[in-house]
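Each chain, letter by letter, is given below.
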Amino acid sequence: MNTLLLPANVIAFRELLQSKFPGAHPTRKEGEALITGVACVDAVRLPRGAVMEIVGEKASSGVGLLLAALLQRESAVAEYTAMVDGCDAFDPWSVPALSLDRLLWVRCQQVTQAIKAADLLLRDGNISLVLLDLQLYAARDLLRLPSSVWHRLRMLGEQSGVTTCIFTPGPLISCAASRLVLEPSLAADDQYRDREELVSALRTSTEGARYHGRRAG
Amino acid sequence: MFAAIHLPCFQFQAITLGGAAGPAALLDEVVTGTPLAREQACVLQVNAQAERLLVHPGMTASMARARCATLQFLYRDAGAELAAQEVLLQCSSNRTPFYESTSPGLCVLDLSSLPGVKGAELAYGRAICEELARSKLTARVGFARRADLAILAAHTAAPIRVMLGEEVDRACLGALPLEVLQPAWQTAEVFALWGVKTVGDLCKLPRAGVTERLGREGMLLWDLATGGRDRLLKLVRPVPGYRVEEDFEHSIECLEPLLFILRRHLQSLCDRLGATWRVAAAAVVELHFEDGSRHLRELRIAEPTRDVELLFRVIHTALEGVSAAAPIRGVVLEFRAVTPAGSQSLLFERTLKDPNRFAETLAHLEAVVGSGNVGRVRLLPSRRLDAFAVTGFFENEKSTVPLRALEESTCSGLPLRRLRPAPVTQVFLVDRKPAAFRNARYSQAVTACDGPWLVSGDWWDVTQAWRREIWIVTGEDGGLYQLARHRNGEWVMEGLLG
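Just so it is clear, the structure is predicted and the values come from calculations on it, not from any experiment. (Residues numbered from 1 in each chain as written. Chains lettered and ligands numbered in written order. Predicted model: local features only at pLDDT ≥ 70, side-chain atom pairs only at ≥ 80, totals over all residues. Heavy atoms only, no water.)

Visitor: Looking at this structure, I do not really get the overall build of chain B. What am I missing?
Guide: If you tally the helices and strands in chain B, you get 15 helices and 21 strands. Counting every position in chain B, which comprises 498 residues, the buried fraction comes to 45%. (Helix = DSSP H or I, 4+ residues; strand = E, 2+ residues; numbered from the N terminus. Buried < 20%, exposed > 50% of the residue type's maximum accessible area, 1.4 Å probe, protein only.)

Laid out in structure tokens, this is it:
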């Protein structure tokens, strides 16, 4: 909303509230980064409204760990997270029950369903982070999708300020602002280790932004 | 101060609405009766022209016709009487919220809390008469300090009577027929035997004597005849309804005309909500089809509102995905009304910018991925695989899992990524341990395995009992797979770890 259209007393009241409760009134600024509490994601300094591609080419490369960590993220104002589960692969018993209260789970059976669901959530703009999990699909199936699909998601995210993390089995989203590649680093003994320790030990490599699009305010 | 509004010859007025031309009489008999029954039907009420021709209530139809060959017979109509009574109640409710529907064609209003009536009763009564005249009803209005006395005053009004000096005005009540007190027919017969025909006749009898002979009813009638006692009104409290039903004259086969009709009803229902300062928390839409089937949908409004456009959008979205085998014959629309919330619930909790828009998006999502596939997850207290339920996003139920189970679910280790449905897998065992596995998608030699873990549940119920033997195996590609053997010996791959 254009603040110029607001009455002066409303603007003054907002400023007063922001000064009293700075944590509760995070204002979206140009280039503001999404803070998730997950080191490898935060290191990218992903701007809000951008698309991030997270690639897990091999089985058990840590996609599930990263998803679970993003679902447990904490922010100043409690925010909801939407997960568009492209392959209906999410196991709710694998994440702490308390983090489920702030999750919108969309269970899909087909890629097209998942894309439509993500499209709707990005248009809506009520939920600030959308996780689109397509990692269990074969890369060749996803490559059949026209690239305009990803461009449309990127543009919708820019307009609504919703950040999107897309989990894929290979690098295929050319318009992603950033790409995080997960390298296989997990072993059978890891199932007895602490979750936080496992997330921090994930081996990742980052590719910088390929697309520098217009950033919506 | 009480006012009584009386519609004289109520049943007659209800049918004719002032439109009867020529002498007419109202019969309490159905038209389909036999000719003899019609001849012997009793005349209930007559209009002034018939009365001038000496036709009186109580005559049979044949006697009345003998007095006047051109007499027009009318028959009672319950629907018309109901409609006329509604008009009367509406008129009363426009004046005060404290009114009584005493009998058909009679209402008593408690005006004690209304300022400006005392001293201006005639003008007030005229306004009531004019309002009812617009609905073609003739009314008489009586004012008095007691409700029952006001009723008697209304019966003698022409068309307005104010009875404040009771002793002075009581004399005029004496000529009223005894029927205005509405005695039971047995009591009326006794009075007839005594020769008591008017209210004045009854007043002349001693109260103790009437009570002794006719009991409680006699005492009450005597009290009524002498001006009544102070009593409380049986107030009409209309239940505000937020429901409309419509059966279509012509069946509807597509969405647009249905939406057009619903839009119209929405406006009226929202007006009703606005009149009572309430908002809609849910909308129930019910479609009736020609083949007798029904489609019922309850739509929860995320942020209760009475905004017509917003509610219309929610209903539109919900109906978009509906398909049916037969055209729509009728529709029912109902709102669940609540009092609007006075304040924001929690300062740091509300993070949905537009809950109603989000609810609409959820409806769209449900249309795309199917019902029950969108929402929040609720864990169920079981170790069975996929022990959870997906509930609506705006249902604020707390998890049904006990606290201990929640604590246990603060997970460590690697999360499982499920394969749904779990594919049946061929597992090759060496020394009773998996050495390789193969299914439609994965085929791996096992380099390491961990297990088995035995889990079971519902053992007390033979039909529900389950048991699994779980193995975590490492494939030659480095992936970690979860295999399970069921009690029937069948292997499945439940998912991947990490």
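After that view of the structure, there is still more to cover.
Visitor: Hey, could you run me through the nonpolar core in this one?
Guide: The nonpolar side chains of soluble globular proteins are, as a tendency, buried together. Formed by 57 residues in total, the largest nonpolar core has its most connected members in Leu104(A), Val106(A), Leu121(A), Trp150(A), Phe358(B), Leu365(B) and Phe437(B). Among residues more than four places away in sequence, those in contact with Trp150(A) are Ile115(A), Leu134(A), Leu145(A), Ile166(A), Leu172(A), Ile173(A) and Cys175(A). Membership of the second largest hydrophobic core comes to 48 residues, among which are Leu46(A), Ala68(A), Phe90(A) and Leu202(A). (Core = buried A, V, L, I, M, F, W, Y, C linked by side-chain atoms within 4.5 Å. Contact = heavy atoms within 4.5 Å.)

Visitor: What is the right way to look at the environment of Pro452(B) in this model?
Guide: Residues and elements named next belong to chain B. Structurally, the position occupied by proline 452 is in strand β18 (residues 443–457). Judged by relative accessible area, which is 40%, proline 452 ranks as partly exposed. As a C-alpha pair, proline 452 and isoleucine 470 span 18 residues in sequence and 5.3 Å in three-dimensional space. Every residue in contact with proline 452, bar those within four places of it in the chain, is listed here: Glu469, Ile470 and Trp471.

Visitor: Just checking my understanding: could you explain the packing of helix α5 (residues 111–124) of chain A against helix α7 (residues 148–160) of chain A for this structure?
Guide: In a packed pair of helices, the relevant descriptors are the angle between the two axes and the axis-to-axis distance. Residues and elements named next belong to chain A. Close contact between α5 and α7 brings their axes to 8 Å; oriented N to C, the two are set at 20°. Classified by the angle between their axes, α5 and α7 sit roughly parallel to one another. Of the two elements, α5 crosses α7, and the hand of that crossing is left-handed. Contacts between α5 and α7 pair Ile115, Ala118, Asp119, Leu122 and Arg123 from the former with Val149, Trp150, Arg152, Leu153, Leu156, Gly157 and Ser160 from the latter. Per-class residue counts for the contact of α5 with α7 are seven nonpolar, two polar and three charged. (Axes fitted to C-alpha atoms, helices over the stretch in contact; angles between N-to-C directions. Parallel < 35°, antiparallel > 145°, perpendicular 65-115°, else oblique. Left-handed = near helix turned anticlockwise from the far one by under 90°. Nonpolar A, V, L, I, M, F, W, Y, C, P; charged D, E, K, R; others polar.)

Visitor: Got a minute to help me understand the side chain of His288(B) in this structure?
Guide: All names here are of chain B. Topologically, histidine 288 is positioned in strand β10 (residues 279–289). Among the residues examined, histidine 288 registers a relative accessible area of 17% and is labelled buried. In this structure the side chain of histidine 288 is engaged in a polar contact, spanning 2.9 Å, whose partner is the side chain of glutamate 286. Excluding its chain neighbours within four sequence positions, the residues that come into contact with histidine 288 are Ser293, Arg294, Pro327, Ile328, Arg329, Gly330 and Val332. (Polar contact = N/O pair within 3.5 Å; in protein donor to acceptor, adjacent residues only side chain to side chain.)

Visitor: Looking at this model, I keep getting lost on the interface of chain A and chain B. Mind explaining?
Guide: Chain A puts 58 residues into the contact, and the matching count from chain B is 56 residues. For the chain A and chain B pair, buried surface summed over both sides reaches about 5,100 Å², with 58% attributable to carbon and sulfur atoms. It is Trp93(A), Arg107(A) and Asn126(A) in chain A that bury the most area against chain B; as a group they hold 16% of the surface buried on that side. The interface formed by chain A and chain B holds 23 residue pairs in polar contact (both at pLDDT 80 or more) in total. Within the residue set of the side of chain A that touches chain B, elements represented by two or more residues are α3 (63–71), α4 (97–100), β3 (103–107), α5 and α8 (195–200) of chain A. Take the side of chain A that touches chain B: its biggest share by element is seven residues, from α5(A). Among the residues forming the side of chain A that touches chain B, the class breakdown is 33 nonpolar, 11 polar and 14 charged. Note: β3(A) against strand β13 (residues 374–379) of chain B, two bridges, orientation antiparallel. (Buried area = accessible area lost by both parts, 1.4 Å probe. Pairing = 2+ DSSP bridges.)

Visitor: Even after reading the chapter, I still don't get the packing of aromatic side chains, so can you show me in this structure?
Guide: Aromatic ring pairs: the centre-centre distance and the angle between the two ring planes describe each pair. One pass over the structure, following the stated rule, counts nine aromatic pairs over all chains. Ring plane angle 55° and centroid distance 5.3 Å describe the contact between Trp105(A) and Phe388(B), whose orientation is recorded as tilted. Taken together, the residues span two chains, with Trp105(A) in strand β3 and Phe388(B) in strand β14 (residues 388–391). Residues Trp105(A) and Phe388(B) agree in their burial class; the two are buried. These aromatic residues form a ring-pair network of at least three members: Tyr80(A), Phe358(B) and Phe393(B). Here the basic side chain of Arg102(A) rests over the ring of Tyr80(A), its NZ or CZ set 4.6 Å away from the ring centre. (Phe/Tyr/Trp six-rings, centres within 6.5 Å; stacked < 30°, edge-to-face > 60°. Lys NZ or Arg CZ within 6 Å of the ring centre and 35° of its normal.)

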